[in-house]
Structure formats: C-alpha cells, structure tokens
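So you can see what is in the structure, the chains are spelled out below.
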Amino acid sequence: GVATPAGDAPADLLQRLLDARDDEGDGAGLTDQEIRDQLVTFFLAGHETTSTALTWTFYLLSQHADVSAKLCAEVDRVLGGRTPTFEDVDALTYADNVVKEAMRIFPPVFAVARKCIADTRIGDYEVPAGSEVGMWIYAAHHDPRWYDQPEMFNPDRFDDAAAVQRMKNAYLP
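The rules behind each value
- Residues numbered from 1 in each chain as written.
- Predicted model: local features only at pLDDT ≥ 70, side-chain atom pairs only at ≥ 80, totals over all residues.
- Heavy atoms only, no water.
- Helix = DSSP H or I, 4+ residues; strand = E, 2+ residues; numbered from the N terminus.
- Contact = heavy atoms within 4.5 Å.
- Salt bridge = Lys/Arg side-chain N within 4 Å of Asp/Glu carboxyl O.
- Buried < 20%, exposed > 50% of the residue type's maximum accessible area, 1.4 Å probe, protein only.
- pLDDT = per-residue confidence, 0-100.
- Patch = residues over 30% accessible without salt bridge, like charges linked within 9 Å, V, L, I, M, F, W, Y side chains within 5 Å.
- Areas by Shrake-Rupley, 256 points an atom, 1.4 Å probe, with all protein chains shown as cover.
- Lys, Arg positive; Asp, Glu negative; His and termini not counted.
- Charge placed at Lys NZ, Arg CZ, Asp CG, Glu CD.
- Axes fitted to C-alpha atoms, helices over the stretch in contact; angles between N-to-C directions.
- Nonpolar A, V, L, I, M, F, W, Y, C, P; charged D, E, K, R; others polar.
- Expected span 1.5 Å × (residues − 1).

Which residues make up the environment of threonine 49, and what values go with them?
Looking at the element boundaries, threonine 49 is found in helix H2 (residues 32–63). Note: C-alpha distance between threonine 49 and aspartate 66 (17 residues apart in sequence) is 26 Å. For threonine 49, the residues in contact, after removing those within four places along its chain, are Pro108 and Val109.

Below is the structure:
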C-alpha cells in the first residue's frame, strides 16, 4: 500500500480508518464500533450494491434505445471522446438522471431498518424510542402518490424540480 505520512505503515483501508480524525468537530477518531461498521459496510454493502445498480442501469438502457441514444449524445457532447474526469460530473446531468431512475426502479437495497431515536407517530401507530422501523424502499419508489407511472423508466422525471422536491423523502436509493 501507499505509505502513511509517518512512512512506517501501509495506508490501506483499515489504517486510513484508524487514522481518520473529525477535522470539523472535536478532532476525535472513530470508535472501534464505528470502524467495524465502516468495514462491514464497505465489504458487504459497497461492492454488491454498486454492481447491482450498474447491472440494472445497463439492462434498462438495453431495453430503451431512446434513452440510450440520449445518454450517448450527452457523453459525446460533454466528453468529445476523451476520458471523463471528476470535473465532468456536473455536466453529465442526463447520465445522473439515468442512474437515479434505474436505482428508483430497481433499488440495490430494497429495504432498510432504522432505530427510532425519539417517540414518534407513523400514521396510526405510536413508535417508542428504541424501536426498529423497517423502510421498504422498493415500495416507496413504486408508489403512484410520489411517481407518475412508477413502473415506467423515465430519467426525465429527475429534471422536473417540483417532482424532485415531492420525491425528496420518497427517493431512498
């Protein structure tokens, strides 16, 4: 690996997590539990979810020649045949919409659980602090209250500022 500033240990993922400091807060490092959680996320969630999102994106593009053509036109216009750089990201707006829409239709993670930090109410249900609450991402992404024609692959839906605002809490990729 790459040497750390001290030059005495490799700068692998674990070492980087051990060395990480909160430069906007108290300067503390990560706790052992936080390091463990980050490693689990990286190894179990990070790889699979990325490959799943890309697979579904390419599948949807293969089924929608019009979207694929529009995406290729944007890439050609923005990049002009060169390799993309980080600076190109903001200019690839349609590409961003395509990925967002693919993750809406086929979210890489279909559900997540969260611990309620305060007593609250969800619909008709009282949820005490400490309770686990399941969020069904797939169901939210296919709810016609939030998405017109929810089964339709339509990257342009992310161009509509009003729709994006309405989807704010219903889009959880």
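What follows continues from the structure just given.
Residues and numbers for the pattern of salt bridges, please.
Applying the stated criterion to the full structure yields eight salt bridges. Between arginine 36 and aspartate 37 there is a salt bridge, with the nearest N and O atoms lying 2.7 Å from each other. The exposure class assigned to aspartate 37 is partly exposed, which follows from its relative accessible area of 30%. Its salt-bridge partner being arginine 157, residue glutamate 101 comes within 2.9 Å of it at the nearest N-O pair. With glutamate 101 in helix H4 (residues 93–105) and arginine 157 in the loop between helix H5 (137–141) and helix H6 (161–167), this residue pair connects regions lying 56 residues apart in the sequence. Given a relative accessible area of 0%, glutamate 101 falls into the buried group. The exposure class assigned to arginine 157 is buried, which follows from its relative accessible area of 9%. Ionic contacts of the salt-bridge type, sharing partners, join the residues Glu101, Arg104 and Arg157 into one network.

Provide a residue-level description of the confidence of the model for the chain, including the pertinent values.
Considering every residue of the chain, the mean pLDDT works out to 88; 92% of them sit at 70 or more. When the elements of the chain are averaged for pLDDT, H6 gives the smallest value, 76, and helix H3 (residues 65–79) the largest, 98.

Break down unusual backbone geometry for me, citing the residues and quoting the values.
Of note in the backbone geometry, glutamine 149 takes a positive phi value of approximately 50° without being a glycine. As for its placement among the helices and strands, glutamine 149 is situated in the loop between H5 and H6.

Report on a negative patch on the surface, specifying residues and quantitative values.
Together, Asp22, Asp23, Glu24 and Asp26 make up a region of like negative charge exposed at the surface. Here glutamate 24 lies in the loop between helix H1 (13–19) and H2. Judged by relative accessible area, which is 77%, glutamate 24 ranks as exposed.

Break down the environment of asparagine 154 for me, with residues and values.
As for its placement among the helices and strands, asparagine 154 is situated in the loop between H5 and H6. Residues asparagine 154 and glutamate 101, spaced 53 residues apart in sequence, show a C-alpha to C-alpha distance of 6.7 Å.

Explain the packing of H3 against H4 to me, and be specific about the residues and the numbers.
Contact pair H3 / H4: the axes reach a minimum separation of 8 Å and the direction vectors enclose 145°. On H4, the residues that touch Val67, Lys70, Leu71 and Glu74 of H3 are Thr93, Tyr94, Ala95 and Val98. When its residues are assigned to classes, the contact of H3 with H4 shows five nonpolar, one polar and two charged.

Please give an account of H4 that cites residues and values.
Compared with the 18 Å implied by 1.5 Å per residue over 13 residues, the 18 Å span of H4 between its first and last C-alpha is a close match. All of the buried residues in H4 are Tyr94, Ala95, Asn97, Val98, Glu101, Ala102, Met103, Arg104 and Ile105.

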